[in-house]
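Single-letter residue listing:
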Amino acid sequence: YQVCPFELALDLALWADVIVGDYNYVFDPVVRLKRFAEHRQLHLLVDESHQLSPRVSDMLTVRLGRTVVRAAKSTTHDVMQKKVLSIDRALQALKREFGEGEHVLSGAQVQTHVKAEKRLDALQRACNRLLDAMAENEIEFHTDPALRELIFAASRWLRSEQWASEAEFVHVVRTENSEVQVSRVCLDPGPYLEGVFAGHGAVVRFSGTVTPLPLYQRLHGQLSAVAERAQTPFQAEQAAVVVVRDIATYFNQRDLSLPKLVQFLEDLLAAKNGRYLVALPSFSYMNKLNSALAATDMVTLAQTPGQNQLRSEELLDQLRGLEAGIICIVMGGVLAESVDFSGISLQGVVLVGLGLPPPTLERDLMAQFFEQTEGPGWGQMVAYTQPALVKNLQAAGRLIRSPEDFGVICLVDPRFSAPHVQRFFPVHWHPRIIAAADVQQHVKQFWQTTADHKESDLQ
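Given the structure is predicted, the values throughout are model-derived calculations rather than measurements. (Residues numbered from 1 in each chain as written. Predicted model: local features only at pLDDT ≥ 70, side-chain atom pairs only at ≥ 80, totals over all residues. Heavy atoms only, no water.)

(A) How the structure looks around the sheet that holds strand S8 (residues 275-280). Read from one edge of the open sheet, seven strands run S9-S10-S8-S11-S12-S7-S13, paired in parallel fashion. What marks the edges here is a single partner per strand, and that holds for strand S9 (300-302) and strand S13 (432-434). Ignoring strand direction, the axes of neighbouring strands in this sheet form an average angle of 20°. Inspection of the sheet shows strand S11 (residues 348-352) paired to strand S12 (residues 407-412) by five bridges, in the parallel sense. In the strand pairing of S12, valine 349 is matched with isoleucine 409. Docked against the sheet, helix H11 (residues 283-293) engages S8, S9, strand S10 (325-330) and S11, running at close to 160° with respect to S10. Against the sheet, helix H12 (residues 309-320) makes contact with S8, S9 and S10, and its axis sits at roughly 165° relative to S9, the strand it touches most. (Pairing = 2+ DSSP bridges. Helix = DSSP H or I, 4+ residues; strand = E, 2+ residues; numbered from the N terminus. Axes fitted to C-alpha atoms, helices over the stretch in contact; angles between N-to-C directions. Contact = heavy atoms within 4.5 Å.)

Dropping the structure here:
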């Protein structure tokens, strides 16, 4: 027999005690497993829940552009080709109306433009006509890949209006040369997540970086829900957390502060020889640091852009074989979040720079939305600070993986001393603000205290 393995898995899942899958099988409104929607006794365990809000925002955001429309023009179905051209005309009308660049058309906290509403309605009608023609003519679009992509995009565009109230969305059009793309952007997935969670018997969210809890409760639509938080298994004595206040990592100051950063790393290894993870916000910054480290005696390894799993494993094997050295990685990459360093015995992690995401229209709209709906400070916190701190804390989390691990966490950027940043720190962190020149003293003192405690425990 020949059967669809996915459908077979779904049938078997009805008898399973545990079902493991990606977020989209629960949260994506198009591909989620609807056959379990009525099973309210199901319990939901959400791993890596610090990524839940941005992942679901991406699932709820829909985009439709001329790139996929142009590809669909090659279809051999005459009826469908006319409908494709209708969508193309609707997109081009948006460009004629608003011109080049990025434009906010309508949505959350935005005064809807009368002409924008008219153009968006025309686009919706064109998408409806495409799907109606496909159904009426019984066209099997799976035989035409270019047409299939447009069918999926148009279907998702139409269905997106049912996902949540208009208050959490905004329409944006981007035009550049011949390209036109219109987006329905989800600024706040909280209300949608609240509905998904309500359909389960219980919800447990796992993450080492969900502080401050009220922020994540708001982002996950759980402010009114009864929630309990598990206690951390780690102790403050396991990590010496220091904020280095006098090494500037702002973009326009990196070159000038590079010699001081290299000296800091040399002092760190002099205080405690061993293996250190150094995380930076970009490959460009990392390459500059590697070039400067080449003139020293320190052994340095480095992540490369787009490296595959095999290369990552080779890099970790190299680090494991070193008695002492530095591995430089980029925050947010696979080595910063998805790899367990517990078998390598790191002596410390150095986070260089806060790594705020670059400003975009969509992030600014998100900031404006939360500033107006939740109050002063919320906009910057949700749109910029939280995404940056997630990457920082995930990289720092490579160090302490069990109650038996000890090490040093160095936060190199004066902004780490700000109260609105430190509120994201784990509860077992007790950061001390120091000058770069004092790192040897603090690190030596930490390891001496750690050795004394271990000796005391043995006795």
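Continuing now.
(B) Layout of the packing of helix H10 (residues 254-271) against H11. Packing of H10 against H11 brings their axes to within 10 Å, and their N-to-C directions diverge by 55°. As the angle between them shows, H10 and H11 are arranged oblique. Viewed along their axes, H10 and H11 form a crossing whose handedness is right-handed. Taking contact as the criterion, the partners of Arg254, Asp255, Leu258, Leu261, Val262 and Leu265 in H10 are, on H11, Tyr285, Lys288, Leu289, Ala292 and Leu293. (Parallel < 35°, antiparallel > 145°, perpendicular 65-115°, else oblique. Left-handed = near helix turned anticlockwise from the far one by under 90°.)

(C) Seen up close, helix H8 (residues 190-198). Those residues of H8 lying buried are Gly190, Tyr192, Leu193, Val196 and Phe197. For H8, the buried positions fall inside an angular range of 155° around the axis, keeping them on one side. In the core, the buried residues of H8 are packed alongside helix H2 (24-27), strand S1 (43-46), helix H3 (52-60), strand S6 (202-205) and helix H9 (213-219). (Buried < 20%, exposed > 50% of the residue type's maximum accessible area, 1.4 Å probe, protein only. Arc of directions from axis to C-beta.)

(D) The arrangement of the pattern of salt bridges in detail. In this structure the tally under the stated criterion is 17 salt bridges. Among the salt bridges present, the one from arginine 156 reaches aspartate 28, with a minimum N-O distance of 2.9 Å. Here aspartate 28 lies in the loop between H2 and S1 and arginine 156 lies in helix H7 (residues 145-159), a separation of 128 residues in the sequence. A cluster of three or more residues bridged by salt bridges with shared partners is formed by Arg63, Glu102, Arg174 and Glu362. (Salt bridge = Lys/Arg side-chain N within 4 Å of Asp/Glu carboxyl O.)

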